[in-house]
Amino acid sequence: QVQLVESGGGLAQAGGSLRLSCAASGLTFSTTAMGWFRQAPGKEREFVAAISRGGSSSDYLPTVEGRFTISRDNAKSTVYLQMNSLKPEDTAVYYCATKRLATVAALRGSSVDYWGQGTQVTVSS
């Protein structure tokens with residue numbers, strides 16, 4: 001079955017950086033777009049970023065664009081989220097997500113079949 005395993009979360013100070021990783025298995029990684037979502041306490045889960053299957057295009061939540069960068073290594077079946085200039089409002093559980101043959105547009109519209117277990121990111125002021 002499809003498994004998405006996130007790592008790299010933790011505690012950072014405002015202005016700091018963290019890098020999340022998500023290792024995928026059980027699907028042909030290079031044939032699908034990959035995405036990151038987050039859910040803060042008391043809020044709905046929201047789209048953060050997505051990257052196309054070949055890595056040539058991406059899309060971001062406007063409030064993270066310019067600070068976060070999504071990338072992927074198809075040889076390692078891994079997607080990354082580099083988070084710079086972190087703000088306290090970035091505090092959330094971050095989830096890796098996809099579906100078979102996904103597109104960036106589909107993930108942006110929250111059309112997801114598979115979720116990781118989530119990794120906590122806490123940004124202190």
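Predicted model, so just to flag it, every value in this text is computed and none were measured.

Extensive coverage of strand S9 (residues 92-98) is indicated by the burial of six of its seven residues. Judged from the five bridges that link them, strand S4 (residues 34-39) and S9 form a sheet pairing that is antiparallel. Paired with Gln39 across the two strands is Val93, which belongs to S9. Looking at chain direction, S9 and strand S11 (residues 119-124) are connected through three bridges and run antiparallel. Along S11, the bridge assignment pairs Ala92 with Val121. Summarising the sheet, S9 and strand S10 (residues 114-115) pair through two bridges and their orientation is antiparallel. Note that in S10 the partner of Thr98 across the bridge is Tyr114.

Enumeration over the complete set of coordinates arrives at one disulfide. Across a sulfur-sulfur distance of 2.2 Å, Cys22 and Cys96 are joined as a disulfide pair. The chirality of the disulfide connecting Cys22 with Cys96 is left-handed, given an S-S dihedral of about -75°. Remark: Cys96 occurs in strand S9 and Cys22 occurs in strand S3 (residues 18-25); sequence separation between them is 74 residues. We note that Cys22, like Cys96, is buried.

Calculation criteria
Residues numbered from 1 in each chain as written. Predicted model: local features only at pLDDT ≥ 70, side-chain atom pairs only at ≥ 80, totals over all residues. Heavy atoms only, no water. Buried < 20%, exposed > 50% of the residue type's maximum accessible area, 1.4 Å probe, protein only. Helix = DSSP H or I, 4+ residues; strand = E, 2+ residues; numbered from the N terminus. Pairing = 2+ DSSP bridges. Disulfide = S-S within 2.5 Å.

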